Every structure is written in structure tokens, then in C-alpha cells.
Amino acid sequence: MILALLTLETDSPPSGVVTFQQILEKRYAAYLHTPMTPFENQNFYLAVKPYHAGIFPFMVLDLMIHARALPSHWLFAHDILPYSTSEGQVFIDDVVGKQLQDLSETLTTTEPMMTFKGFGNRIDIGLNALSLLYIEILSSLTKVEAGVLSILRELQFEKYKDPLNVRTFGLQKQVATRLDKSPVAIHKSMRSAKYMLLADTATSMKNMMV
């Protein structure tokens, strides 16, 4: 399985993180072996089933929509947890904990970041390069843009039942109706949020991991 570790540079999880945990339960449960679990201070971990690493950029998209510019660091680490699909909670033991501590000491969480480790040297380099662009765009979302993307993501899941589906065909008018705004205003918000670039980058990262 693959480990995802979220480190927050806050005294307590903001409301957006609580909303994100609810989204994980609703949209990503089928991909997760272990749900988001507290681990040492403001660290949370979750275990992802084998062959499902492609959900990572979409999880980050949903988190950053609801917790804009959150000072946090996502670490996605392959080959740390046992390769197993057995039932039951995955716990961070002393061996894994030491590996995570060593990794965390090389990383900074003063700004939003996402780091990939263990997917293969070339793949790690590509993923980490794309993640810089990805996080930069997500961290610049305004409240209005995040509100539009939040509704869009809800509608996408309602229609496709797949959190990795980022298509917008036929949905922008529904977003406008939900927010009582004009379709033109929604289009402008999505364009200023660089949504299509976000969607293409997330899909590209997913394809590198599958």
C-alpha cells in the first residue's frame, strides 16, 4: 500500500480540513485502506490501496479548494507500508515512523507543498516538478474561485461517481444555477482559477503513476 502523510502548520485543523475529511469518506472510500488518521501533533496519515496512487492529485485539489493556501505538506510515499490488501487498520510502527521522521526533516511546510517519494527516480522527479506548478495555482485561489470549484467538484461526483473525473461538459450552467450567478461569471471564475490547467496537470500526474 501507499502512504499519504499530511502535515499542517497550524495549531488546530481549520474547518476546511474537517470538510475535506468528510469528502474523503464520501468520494474516496473505495480507494482507501485506512482513513485519515491523526499521527503526532498536526500530522495525519492514510493508506491507499495498491494501484490507486492516481487519486493523490485529486485529493490535494479537493483539500486546497476547501482550505485555500493552507500551510501544509502532503508526502506521498511508496514502498514504506507493507504491500498488502488485508483488512484492518494500518498503524505507523516504529520503523515506518523513523522513516517518516527522516523524510520530514528534509522538507519544509512553511508553504503548501506536495512531495512524491519512492515511485521511481525519474517518476519522482517528474511528479515533484509538476506538483510545484499545481500547488502554486491551488494556493492562489480566491474565495470566489474556490466556491465555484467546490460546487463543480460536487456536481462532477454526482454525475460520474468518480473523484478522478474532471470533465466540465454541461456542468457550468448547473454551477451557475446553484450559485445564482450567470454562466458567463462562472466561466470567468473558472478561467481565472486556471481550472483546465489544474485538471490537465492532475490527470498527467495520475497517468505517470498508473
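Below you will find a few notes about this structure. (Residues numbered from 1 in each chain as written. Predicted model: local features only at pLDDT ≥ 70, side-chain atom pairs only at ≥ 80, totals over all residues. Heavy atoms only, no water.)

### Some remarks on the sheet that holds strand 2 (residues 32-38)
Spatially, 5 strands are ordered 2-3-1-4-5 in an open sheet, and the strand pairing comes out mixed. Edge strands, defined here as strands with exactly one partner in the open sheet, are strand 2 and strand 5 (113-117). Between one strand axis and the next, the sheet turns through 10 degrees on average, direction left out of account. Relative to strand 3 (residues 43-48), strand 1 (residues 2-8) is paired through 6 bridges, and the arrangement is antiparallel. Opposite Ala-4, over in strand 3, you have Leu-46 as the bridge partner. (Pairing = 2+ DSSP bridges. Helix = DSSP H or I, 4+ residues; strand = E, 2+ residues; numbered from the N terminus. Axes fitted to C-alpha atoms, helices over the stretch in contact; angles between N-to-C directions.)

### Topic: the packing of helix 2 (residues 56-66) against helix 5 (residues 143-160)
With their axes 9 Å apart at the nearest point, helix 2 and helix 5 run at an angle of 135 degrees to one another. With respect to each other, helix 2 and helix 5 are oriented oblique. Between helix 2 and helix 5 lies a crossing whose hand is left-handed. Mapping the contact onto sequence places Phe-58, Leu-61, Asp-62, Ile-65 and His-66 in helix 2 and Ala-146, Leu-149, Ser-150 and Arg-153 in helix 5. Partitioning the contact of helix 2 with helix 5 into residue classes produces 5 nonpolar, 2 polar and 2 charged. (Parallel < 35°, antiparallel > 145°, perpendicular 65-115°, else oblique. Left-handed = near helix turned anticlockwise from the far one by under 90°. Contact = heavy atoms within 4.5 Å. Nonpolar A, V, L, I, M, F, W, Y, C, P; charged D, E, K, R; others polar.)

### Some thoughts on the packing of aromatic side chains
Aromatic ring pairs are described here by two measures, namely the spacing of the ring centres and the angle between the planes. Following the criterion strictly, the structure yields 6 aromatic pairs and no others. Relative to Trp-74, the ring of Phe-20 lies with its centre 6.0 Å away and its plane at 75 degrees, an arrangement referred to as edge-to-face. Highlighted residues: Phe-20 in helix 1 (residues 15-27) and Trp-74 in strand 4 (residues 72-77), separated in sequence by 54 residues. Accessibility classification places Phe-20 together with Trp-74 in one group, the buried group. Note on Tyr-28 and Tyr-31: the rings are 6.4 Å apart at their centroids and 55 degrees apart in plane angle, and the pair reads as tilted. (Phe/Tyr/Trp six-rings, centres within 6.5 Å; stacked < 30°, edge-to-face > 60°. Buried < 20%, exposed > 50% of the residue type's maximum accessible area, 1.4 Å probe, protein only.)

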